[in-house]
Amino acid sequence: MAGLATSFGSGAMTNSIGEIPDNKVMFVIGANPPEAHPVIGAKMRQALKRGARLIVADPRKTELAAAAHVWLRLRPGTDVALINGLLNIIIENSWHDDAFIAECTTGFAAVAAVAAQYPPDRVERITGVPAPLLRQAAEMYATAERAAIFYTLGITEHTCGTDNVMSLANLAMLTGNVGKPAAGVNPLRGQNNVQGACDMGALPNFLPGYQQLKWPDVRQKFATAWEAAVPDKPGYTLPDMFDAAVRGDLKAMFIMGEDPVLSDADAHHVRKGLESLDFLVCQNLFLTETAKLADVVLPAASFAEKDGTFTTTERRIQRVRQAIAPIGGSRPDWRIICDLAARLGYPLTYGSPEEIMAEIAALTPVYAGVSYPRLAAAGLQWPVPSAGHPGTPYLHENGKFACGLGYFQPIEYEPPAEVPDADYPFLLTTGRILYHYNVSTHRRAARLTAHRPEEKIMVHPADAARLGLADGAAAAVASRRGRVRAKAQVTDAVPPGVVWMSFHFPATPTNEITSGAYDKVTKTYEYKVCAVKIEAAP
Amino acid sequence: MADRLTLTIDGRQVSVPPGTTVLAAARLLGINIPTLCHLADLTPEGACRVCLVEADGVRGLAAACTLPAAAGMVVRTNTAAIREARALVVELLLANHPADCNACQRNLDCELQRLAADLGVRAVRFRGERRRYQPDDANPFIVRDNEKCVLCGRCVRVCKEVQVCNVLDWTERGFASKVTPAFDTALDGSACVFCGTCVSACPTGALAAKPLYEAGRPDKKVRTTCPFCGVGCNFDLNVKDGQVVGVTSDETSAVNGRLLCVKGRFGIDYVHSPDRLTAPLVKKDGAFVETSWDEALGLVAARLAGIKAAHGPDAIAALSSARCTNEENYLLQKFMRAVVGTNNIDHCART
Ligand code: FES
């Protein structure tokens, strides 16, 4: 999010899902929509059927990589070098959009200077992608009448995640591919309401609607509405919280709806942090691995048992509607928070989530025109600045960025924090599979579990032969942080030297071995790359 | 080319853009022409001939779903000959269809049944040899019963045009004609990814979602937003006796239309997992014991207040969730900032 916010002034998908079937050129990097965002995957296939051209950058031979007109099989973690290489070729061939750069952006000269350092032969050495393929991709993207970029965790879950995103923003601005339909830079959010959690200010340095905590007038506005002081010191980010807990500075945590012991990188560190606390409260549907460490566990109701809204990856605010009563003694999260606030001497007396949304709209300019009646049919895409505003299908119309001008950011390639060596000779990357969702469906969603019961480690046939690993055989994967077991899936979908796993299965807690290194700006863990060794497990 | 043309349907005039079908033009007038193989979000195929109409200058009866409206065209949709022809089409379909509707999941929610009722088809005069196939139910998600198939081809077109996986297709010809995955295999083991979009398009019980197949007719449907990935598909939770028994989709959802993925359509059963927590838990001597809300909330409030008094508000932090609603995320950050007095709030997925 931080990367796009820096470049464009707004950290969200610039364009809409509904535009995808009309796309002419799609550049998909670090994303696997047919498995992680299946309906977007289907819309991309519709576009292909209508003649769209597809460029895919992915170390794995995914479904889209196999269908791509140009497949850039880069080494994991070398995205910035790849994108700089594309910038280089585009500028060398004068395929860039001078008018857009001059009128709508600033900082181009510095980016051109960096890009000049990335000629195709150097980029080939770093990324492993043959120079002629780079040229083809650059030409296809840059000379299209319009072209759209799609990315997801494969881009952000690196120590250089913010750099990756700003590099993609550079590429889009260079070619004027922002501010019109079927173009733009489109982060595909992994979870149903990540966009909404960010929008609502569940962030240590932003109030709702990305209003900066550091601005006194913003704090004053909320303080007046809430009749309570708003502290000005930015809070801990997620990784900071576990560090602070280990240091003893953080004494208590309240964890709503998440399971960081399974879902966060370097599970040992997370667990150690949580065990260092004096008091831990978890509010969840299930007794998760994290909840097992808690002093108090509060049973929450599921999405089917409450009213509310989710905001999708295309900024669409949509209704969640109660279908059944809360199960057993569970309660909706919003009620629990209200009750707890009252016991701490601050009554929150909302009669329904609709009343909470009215308060959000009053305090959040991009949600100002949102109300439940207006969301009834199809939701609304923010910004919705007023009650009469129809919502915004694509951002930055005609190159008018939310921050005025679009900012080019010169970005240099930095290698991943951990690279393979003699002891840990394989590169592990992680991602999602079609049949499960994060750490929450395995075992609990009985049908999905019956169909896909366990983790499989993808290993290239040449590596498997050397390790004596047969397809389906038990394997152990170890990093400097831990060791897990799973069955091997021998496939040339991964290149030699690279192995791939998901993180959906409690029996194979992949994040016991992933890296705790994180992006310097967003504090997103580098789930995507770490060094491991593999052996046949008896 | 004129940008609108005028035609007459059942004596009433209507102006439509060129390229509009007679079916669409009739619907503009509120005239109901029965259909079976037609779905508004798919390419018209004119396969079933349930939508027959008469048009001056067109020989015989024509399928309204594929007949382009023409300037000055005069169309009749409800003559005795038309009614008879439509009824015959449906009667022939029924002759080749299992008769035990009571045993079918789609009983009372079946387009073939409704057509027969609308067209007054009560007795089936031809009872010859009927197709016999084994249902394909060797997967957790979909039951495919070719005996109930009316060969409308909606599933084939959905799989080709909407989901674009090209799994379902025609095999054999004539009487033996049927819809199957390539080489007439079962769905499991084919290239099928169990999105179930074909189920949403099937007019009969030939393609059924297993959860609903097993549950019986729902009491109500509630439109909501999927709790899995960030696409935000809308679908209907089917509720029976206070339980969510399954998920259905249709073409009216803004983002996804009738498309869903296997998780949204078949993964919602986690709501009723036996592992759901049903009472607050408090750890006593290292083990959890169930307790009342009053005691649990009292304990949380007392401990948080105590820690705040002893160490200051910044000794407390909260993690909010991408799984919770906007309203809940808003409330938790308000709680931390206004009630506890700290900005120590983040959420688990910064992606
Ligand atoms: S609906 Fe027109 S031919 Fe089937």
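Given the structure is predicted, the values throughout are model-derived calculations rather than measurements. (Residues numbered from 1 in each chain as written. Chains lettered and ligands numbered in written order. Predicted model: local features only at pLDDT ≥ 70, side-chain atom pairs only at ≥ 80, totals over all residues. Heavy atoms only, no water.)

Peer 1: Go over the overall build of chain A with me, naming the residues and quoting the values.
Peer 2: Scanning chain A from terminus to terminus reveals 21 helices and 21 strands. The globule rule puts the C-alpha radius of gyration for 538 residues at 24 Å, and the 23 Å found for chain A is close to it. Across its three principal directions, the C-alpha atoms of chain A cover 65 × 65 × 45 Å. When burial is assessed residue by residue, chain A has 66% of its 538 residues classed as buried. Partitioning the contacts of chain A with sequence separation of at least 6, the portion at a separation of at least 24 is 69%. Here chain A displays about 17500 Å² of accessible surface, and carbon together with sulfur accounts for 52% of that area. Charge centroids of chain A, computed over 51 positive and 54 negative side chains, lie 4 Å from each other. (Helix = DSSP H or I, 4+ residues; strand = E, 2+ residues; numbered from the N terminus. Rg over C-alpha atoms; globule rule 2.2 N^0.38 Å. Buried < 20%, exposed > 50% of the residue type's maximum accessible area, 1.4 Å probe, protein only. Contact = heavy atoms within 4.5 Å. Areas by Shrake-Rupley, 256 points an atom, 1.4 Å probe, with all protein chains shown as cover. Lys, Arg positive; Asp, Glu negative; His and termini not counted. Charge placed at Lys NZ, Arg CZ, Asp CG, Glu CD.)

Peer 1: Please provide a residue-by-residue account of the interface of chain B and chain A, values included.
Peer 2: Taken together, the contact pairs 110 residues of chain B with 145 residues of chain A. Between chain B and chain A the total buried area reaches about 10900 Å² when both faces are included, carbon and sulfur atoms providing 65% of it. Taken together, the links from chain B to chain A amount to five salt bridges. The salt bridge partner of Asp294 of chain B is Arg343 of chain A, with a shortest N-O separation of 2.5 Å. Summed over the shared surface of chain B and chain A, the result is 60 residue pairs in polar contact (both at pLDDT 80 or more). Of the residues belonging to the side of chain B that touches chain A, the class tally is 61 nonpolar, 27 polar and 22 charged. Of the strand pairs in this sheet, strand S11 (residues 296-299) of chain A and strand S13 (residues 281-284) of chain B are connected by two bridges, and their pairing is antiparallel. The partner of Val297 of chain A across the bridge, within S13 of chain B, is Leu281 of chain B. (Buried area = accessible area lost by both parts, 1.4 Å probe. Salt bridge = Lys/Arg side-chain N within 4 Å of Asp/Glu carboxyl O. Polar contact = N/O pair within 3.5 Å; in protein donor to acceptor, adjacent residues only side chain to side chain. Nonpolar A, V, L, I, M, F, W, Y, C, P; charged D, E, K, R; others polar. Pairing = 2+ DSSP bridges.)

Peer 1: Outline helix H17 (residues 333-343) of chain A, listing residues and values.
Peer 2: Buried residues of H17 of chain A: Asp333, Trp334, Ile336, Ile337, Cys338, Leu340 and Ala341 of chain A, and no others. If you follow the buried residues of H17 of chain A, they end up packed against strand S9 (252-256), strand S10 (279-284), S11 and helix H18 (353-363) of chain A together with helix H8 (293-311) and helix H9 (326-340) of chain B. Gly345 of chain A lies just past H17 of chain A and shows a positive phi near 85 degrees.

Peer 1: Tell me about the pairing of S13 of chain B, and please be specific about residues and values.
Peer 2: Two strands pair when backbone bridges link them, and S13 of chain B and strand S14 (residues 287-290) of chain B are joined in this way by four bridges, in the antiparallel orientation. Opposite Val282 of chain B, over in S14 of chain B, you have Val289 of chain B as the bridge partner.

Peer 1: Can you explain the sheet that holds strand S5 (residues 74-76) of chain B? Please cite residues and give values.
Peer 2: Residue and element names in this part refer to chain B. Read across the sheet, five strands follow the order S2-S1-S5-S3-S4 without closing on themselves; strand pairing throughout is mixed. A single partner strand is all that each edge strand has here, and the edge strands are strand S2 (12-16) and strand S4 (62-63). In this sheet, S5 lies alongside strand S3 (residues 52-55) in antiparallel orientation, the contact comprising two bridges. The residue of S5 that forms the bridge with Glu54 is Arg76.

Peer 1: Explain the side chain of Arg321 of chain A to me, and be specific about the residues and the numbers.
Peer 2: Inspection of the secondary structure puts Arg321 of chain A in the loop between strand S13 (316-320) and H17. One buried charged residue, Arg321 of chain A, remains without a salt bridge, the closest side chain of opposite sign being Asp307 of chain A at 6.4 Å. A distance of 3.0 Å separates the side chain of Arg321 of chain A from the backbone oxygen of Arg223 of chain B, its partner in a polar contact. Beyond its immediate sequence surroundings of up to four residues, Arg321 of chain A is in contact with Phe303, Ala304, Lys306, Asp307 and Ala376 of chain A together with Val222, Arg223 and Thr224 of chain B.

Peer 1: An account of the environment of Ser371 of chain A is requested, with residue identities and associated values reported.
Peer 2: Residue and element names in this part refer to chain A. Counting through the fold element by element, Ser371 comes out in the loop between H18 and helix H19 (372-375). Classification of Ser371 by relative accessible area gives partly exposed; the value is 26%. Taking the C-alpha atoms as reference, Ser371 lies 12 Å from Trp382; in sequence the two are eleven residues apart.

Peer 1: Describe in detail the packing of aromatic side chains, supporting the description with residues and values.
Peer 2: By the definition in use, this model includes ten aromatic pairs over all chains. With a centroid separation of 6.3 Å and 70 degrees between ring planes, the pair formed by Trp226 of chain A and Tyr330 of chain B is classed as edge-to-face. Of this pair, Trp226 of chain A sits in helix H13 (residues 216-226) while Tyr330 of chain B sits in helix H9, which puts the two residues in different chains. Like Trp226 of chain A, the residue Tyr330 of chain B is buried in the burial classification. An aromatic cluster of at least three residues, connected via ring pairs, comprises Phe206, Tyr210 and Trp382 of chain A. The cationic tip of Arg122 of chain A hangs over the ring face of Tyr118 of chain A; the distance from NZ or CZ to the ring centre is 4.4 Å. (Phe/Tyr/Trp six-rings, centres within 6.5 Å; stacked < 30°, edge-to-face > 60°. Lys NZ or Arg CZ within 6 Å of the ring centre and 35° of its normal.)

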